[in-house]
Amino acid sequence: MDYFRYIFYLGIVYVVFSLIWFFIEQGLKFLLKAGKQEQPWQGYFLKIVQYYFIASLTMMKAAEFLQTKPELANNAVMLYLLGAVILYLYLYGKYERSKQFSGLKVAISMMRGGQAKKIDIKQQSKYVPHIIGLTIIFYLMALQFPVLVGNNINNWFLVNINDFYNTFLIKWILGIIGFFFMLGMIIKGLSATGELVQHVIGLATGKPYVKKEPKNPFQNMGGFGNMGGFGGNQGNPFQNNNTAQQEPEEVDLDDEYVDFEIVEDDEEEDKKG
């Protein structure tokens, strides 16, 4: 139960940090842009800073949790490793959601501006998996060198997140969100474990496991899914395609909260248009 409680608290930390970071990021983007168009390196720089704080808070929350649960001192390593797993699943989940929301951005852009804005998904997310990997390495290094996360900024984040959580009524709301976050992380963990087992079986049998690519939510709307650089058949988006009926889309219900970063990116696309 203590490990589940730790996941629960991490969910609260991630949700509140996402809200705080949303406003901080606006100020940083304003300073970096200086009236000019945003460059790709600026987005990656902000993501590196964001992931540093997320990794630091994950480790600091584990240390704080151990202080309140001294009986877990003998299993401290397990708790920190659990934090590394949750950190990876959370960051990778954000990466996958950003790719899924890119299709929605095209639809919204068309409805607001009358035309689809070309979005190069590969260019926007090319180095994100590398940043995620470096973040996990940093987290593991910080276990040996706590000085990497021991600074006033990280302490400020953790104190304010705890204070925000302890606010009347908000605590109940965040408690519900934290519960579903914990549930979602368990489901993602089981799914990731299942994929790992299938990879191992594939290597043993000589039949490599191939992960299914997520379906394009607009593939059933003629050629609409091709607009904005998203696959599909070439041609008039309003022509009738005599293809077999597609299976109903599966909806991912384990998104625990609104990702302010994704919402903000959508607004940035509209401003550029």
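Up top you'll find the structure we're talking about.
Presented here is an overview of the structure given in this document. (Residues numbered from 1 in each chain as written. Predicted model: local features only at pLDDT ≥ 70, side-chain atom pairs only at ≥ 80, totals over all residues. Heavy atoms only, no water.)

### Notes on the overall build of the protein
And then number 1: Scanning the protein from N- to C-terminus turns up 8 helices and 0 strands.
And then number 2: Its helices and strands taken in sequence order, the protein reads α-α-α-α-α-α-α-α from the N to the C terminus.
And then number 3: Per-residue burial over the protein gives 40% buried out of 273 residues.
And then number 4: Considering only intrachain contacts with a sequence separation of at least 6, the fraction spanning at least 24 residues in the protein is 78%.
And then number 5: Counting every atom, the protein has about 16700 Å² of accessible surface; 64% of that belongs to carbon and sulfur. (Helix = DSSP H or I, 4+ residues; strand = E, 2+ residues; numbered from the N terminus. Buried < 20%, exposed > 50% of the residue type's maximum accessible area, 1.4 Å probe, protein only. Contact = heavy atoms within 4.5 Å. Areas by Shrake-Rupley, 256 points an atom, 1.4 Å probe, with all protein chains shown as cover.)

### A closer look at a nonpolar patch on the surface
And then number 1: On the surface, Leu134, Ile137, Met141, Phe145, Val147 and Leu148 cluster together into a nonpolar patch covering about 600 Å² of accessible area.
And then number 2: On the secondary structure map, Ile137 appears in helix H5 (residues 128–144). (Patch = residues over 30% accessible without salt bridge, like charges linked within 9 Å, V, L, I, M, F, W, Y side chains within 5 Å. Salt bridge = Lys/Arg side-chain N within 4 Å of Asp/Glu carboxyl O.)

### Notes on the pattern of salt bridges
And then number 1: One pass over the full model with this rule turns up 3 salt bridges.
And then number 2: We note a salt bridge from Asp2 to Arg5, for which the minimum N-O separation is 3.0 Å. Here Asp2 pairs with Arg5, and both are found in helix H1 (residues 2–33), just 3 residues apart, close to one helical turn.
And then number 3: Between Lys61 and Glu64 there is a salt bridge whose closest N-O contact spans 2.6 Å. Here the residue Lys61 and the residue Glu64 both occupy positions in helix H2 (residues 40–68), the gap between them amounting to 3 residues, near one helical turn.
And then number 4: Looking at Lys61, the relative accessible area reads 8%, which means it is buried.
And then number 5: Taken together, the shared-partner salt bridges connect Asp2, Arg5 and Lys69 into one network.

The values are spatial; any link to function lies outside them.
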